[in-house]
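# Structural features, examined
The lines below spell out each chain.
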Amino acid sequence: MSASFRIGIIGSGTAGPAAAIFLARAGHEVTLFERAEKKLSVGAGFLLQPTGLAVLHQLGLSEALLPHIVPISKLYCRTHSGRVLLNLPYSELGQDLYGAGTHRATLLDVLLSAAESAGVAIHWNTEMRRLSRAPSERPVLHDQSGQTHGPYDLLLICDGAHSTMREQSGVPAKVSRYPWGALWFMGKRTPEFDPQVLWQCVGSTRELNGYLPTGTRDDLLSLFWSIRIDQIPAWREGSLDHWKQQVLRLTPQAESFLNQIESHQQIATAVYHDVRMKQWHGNRVALLGDAAHALSPQLGQGVNLALMDAACLAETLQQHPLEDALDQYSKRRRQHLRFYQFATRWTTPLFQSDWLPLGWIRDAVFPIVNALPVLRREMTATMAGGKTGPFSRLPQAQIPGRPPESRL
Ligand SMILES: Cc1cc2nc3c(=O)[nH]c(=O)nc-3n(C[C@H](O)[C@H](O)[C@H](O)COP(=O)(O)OP(=O)(O)OC[C@H]3O[C@@H](n4cnc5c(N)ncnc54)[C@H](O)[C@@H]3O)c2cc1C
């Protein structure tokens with residue numbers, strides 16, 4: 001390593017703690033700031049892809065995570081009339097490949113324990129409001145109680161899709177909100193749902209219902225239901241039974257699972273953002289995760305991209321002087337991020353939009369693509385997270401850094 005830096009990180013979601021572990025272990029002095037209370041157990045279930053699992057393996061966290069994940073063998077998506085649109089088994093890419101269903105709080109616990117062991121100083125209940133510069137141009141942070149922190153040699157902005165610090169970084173970004181979001185509920189898995197399959201059913205482009213096995217300890221299952229954001233208030237006022245009937249029309253086997261829902265309060269809502277940036281660094285500043293490139297969760301990549309950002313930045317800092325390292329970070333991440341942002345923008349309206357003809361096209365084309373092994377393999381590789389273009393993959397084979405003998 002060339003030099004040891006004083007590094008400030010804003011946001012303890014996925015990107016922040018993952019970067020903190022890499023950098024503290026590399027000998028840097030790392031401080032992580034999070035506005036929430038310590039280890040607040042919030043968030044939905046999500047799918048770790050082989051790419052994200054590879055980074056966690058690189059961090060030595062596979063063992064700690066293993067008891068809390070459920071291996072997902074494939075994505076299965078059909079229409080409500082029974083037409084199979086997608087049947088994408090990870091095994092098509094390698095017999096020992098799989099995704100992992102888990103809960104945000106679980107991953108966070110594992111990351112934070114490792115960060116603490118690596119000597120990262122973590123400040124909870126500390127919301128950063130302002131970024132200024134010391135005379136040396138090094139970033140200084142100002143929190144909600146007016147206290148200042150820094151100056152830092154390097155600041156990492158990892159404060160998520162709703163980032164307030166991104167704008168202050170001086171790195172240009174375009175941010176828009178998707179008109180569609182989702183309702184989420186996590187409950188005990190019922191036997192009608194395969195514990196290893198991410199199961200989805202679509203009606204028109206206005207109807208999407210999915211079920212993600214979310215963890216082995218309590219055998220949880222996450223339900224998601226697509227909804228227009230402007231319809232969420234009406235949904236909250238409306239009849240829960242009426243909504244359950246809509247869900248059952250797509251997924252009749254969900255009846256006993258839905259019995260766990262007795263009030264609207266048990267259901268969380270999620271809105272999605274699209275963040276576009278030409279580069280993900282500025283003067284002594286880098287942006288990681290959703291703050292840098294939020295996208296809709298249609299392809300299930302956000303957490304995985306955040307983990308890969310952290311691994312990439314740590315590597316470039318190891319190899320180059322600071323300014324070059326940041327430049328290299330943007331360069332190395334560009335193709336991978338561009339592909340997933342592009343693919344997500346084009347895929348999302350096929351599943352979540354008011355453009356009903358797109359649903360007819362989807363239902364005609366996807367079964368054909370799914371039946372052709374070459375194309376199906378590319379779709380599976382897209383889901384697994386390692387693509388950089390329609391027919392190109394990340395360097396170091398499909399899934400970089402992944403030792404073949406390990407489960408993760
Ligand atoms: C409903 C839903 C389902 C999803 N499913 C998947 C999936 O299956 N697979 C997948 O890979 N991804 C999924 N994602 C995306 C994934 O959750 C995000 O991409 C991922 O959490 C991004 O991590 P992050 O660290 O960049 O940001 P976040 O996880 O959002 O973390 C940001 C952190 O910064 C803190 N913060 C914000 N502002 C400040 C401030 N000013 N000062 C201090 N702290 C601050 C926040 O409290 C938060 O803890 C899903 C997202 C949603 C909404």
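Everything below is about the structure shown above.
Residues numbered from 1 in each chain as written. Predicted model: local features only at pLDDT ≥ 70, side-chain atom pairs only at ≥ 80, totals over all residues. Heavy atoms only, no water.

## Here's the deal with the site of the ligand
Heads up, the rule is: The nearness test applies per residue and asks whether one of its heavy atoms lies within 4 Å of the molecule or strand. What qualifies as a polar contact is a pair of N or O atoms within 3.5 Å, subject to a donor-acceptor requirement within protein and to the restriction that residues adjacent in sequence count only when both atoms come from side chains. Only the protein chains shown count as cover for residues, and the accessible areas themselves come from Shrake-Rupley with a 1.4 Å probe. By definition, any uninterrupted DSSP run of H or I lasting at least four residues is a helix, any uninterrupted run of E lasting at least two residues is a strand, and each is numbered from the N terminus. Polarity classes work like this: nonpolar for Ala, Val, Leu, Ile, Met, Phe, Trp, Tyr, Cys and Pro, charged for Asp, Glu, Lys and Arg, and polar for all others, with Gly in that last group.
Taken together, 29 residues lie around the ligand, and Thr14, Glu34, Arg104, Trp184 and Asp290 are the ones closest in. Between the ligand and Leu47, the relevant distance is 2.8 Å, taken from an oxygen atom to a main-chain nitrogen or oxygen of the residue. Surface burial for the ligand is 86%, taken as the share of its 1000 Å² of free accessible area covered by protein chains. Elements represented by at least two residues in the shell around the ligand include exactly strand 3 (45-48) and helix 9 (302-319). The element contributing the most residues to the shell around the ligand is helix 9, with three residues. When the residues that make up the shell around the ligand are grouped by side-chain class, the tally is 11 nonpolar, 12 polar and six charged.

## Observations regarding the pairing of strand 15 (residues 197-202)
Regular strands place side chains that alternate from one sheet face to the opposite one. Which entries qualify depends on this criterion: Three exposure classes are used, based on accessible area relative to the maximum for each residue type with a 1.4 Å probe and protein chains only: buried under 20%, partly exposed in between, and exposed over 50%. Pairing between strands is defined by DSSP: at least two bridges between the two strands are required.
In terms of residue burial, strand 15 counts as a mostly covered element, since six of its six residues are buried. Side-chain alternation along strand 15 places Val197, Trp199 and Cys201 on one buried face and Leu198, Gln200 and Val202 on a second face that is also buried. Looking at chain direction, strand 15 and strand 16 (residues 208-215) are connected through four bridges and run antiparallel. If you follow Gln200 over to strand 16, its bridge partner there is Gly210. With antiparallel pairing between neighbouring strands as the criterion, strand 15 and strand 16 make up a hairpin whose turn holds five residues.

## Let's talk about the nonpolar core
Test applied: Definition of nonpolar core: a set of buried residues of the types Ala, Val, Leu, Ile, Met, Phe, Trp, Tyr and Cys, connected through side-chain atoms within 4.5 Å.
Ile9, Leu48, Leu141, Leu156 and Leu288 are the most contacted members of the largest nonpolar core, which totals 80 residues. Tallying contributions element by element places helix 9 first for this core, with 11 residues. Core analysis: the second largest hydrophobic core is formed by 27 residues, Leu47, Leu75, Leu93 and Leu97 among them.

## Side note on the side chain of His142
In plain terms, the rule: For this analysis, residues touch if any pair of their heavy atoms sits within 4.5 Å.
Relative to the helices and strands, His142 resides in strand 10 (residues 139-143). Apart from the residues lying within four places of it in its own chain, the contact partners of His142 are Glu127, Met128, Arg129, Arg130, Ser132, Gln147 and Thr148.

## So, the side chain of Ser163
Tracing the sequence through the fold places Ser163 in the loop between strand 12 (154-157) and strand 13 (174-177). Of the polar contacts made by the side chain of Ser163, one reaches the backbone nitrogen of Arg166; its length is 2.9 Å. When residues no more than four places from it in sequence are discounted, the contact partners of Ser163 are Ile157 and Ala291.

## Notes on the sheet that holds strand 6 (residues 84-89)
Picture the strands of a sheet paired through backbone hydrogen bonds; they go either parallel or antiparallel. Applicable threshold: Think of each axis as a best-fit line through the C-alpha atoms, taken over the contacting stretch in the case of a helix, with angles from 0 to 180 degrees between the N-to-C directions.
Here seven strands make up an open sheet; going across it, the order is 6-5-15-16-17-14-18 and the pairing mixed. Taken across any chain shown, the strands that pair with only one partner, and hence form the sheet edges, are strand 6 and strand 18 (268-270). For this sheet, the mean inter-axis angle between neighbouring strands, taken without regard to orientation, is 20 degrees. Together, strand 5 (74-79) and strand 6 form the strand contacts of helix 12 (residues 373-384), whose direction differs from that of strand 6 by roughly 65 degrees.

## A word on the pairing of strand 17 (residues 220-228)
Strand 17 sits mainly inside the fold: eight of its nine residues count as buried. Note that strand 14 (residues 180-188) and strand 17 share nine bridges and pair antiparallel. Paired with Met186 across the bridge in strand 17 is Ser222. Pairing of strand 16 with strand 17 involves six bridges; the strand directions are antiparallel. Residue pairing in the sheet places Asn209 in a bridge with Trp225 of strand 17. Between strand 16 and strand 17, which pair antiparallel in sequence order, lie four residues; one of them, Asp219, sits at a positive phi of approximately 50 degrees.

## Here we look at the environment of Leu350
Here Leu350 shows up in helix 10 (residues 322-351). For Leu350, a relative accessible area of 15% puts it in the buried group. On a C-alpha basis, the gap between Leu350 and Gln298 in space is 10.0 Å, while along the polypeptide they are 52 residues apart. Those residues in contact with Leu350, other than ones at most four positions away along the chain, are Thr205, Leu358, Arg362 and Phe366.

Function cannot be inferred from these measures alone, as they are strictly geometric.
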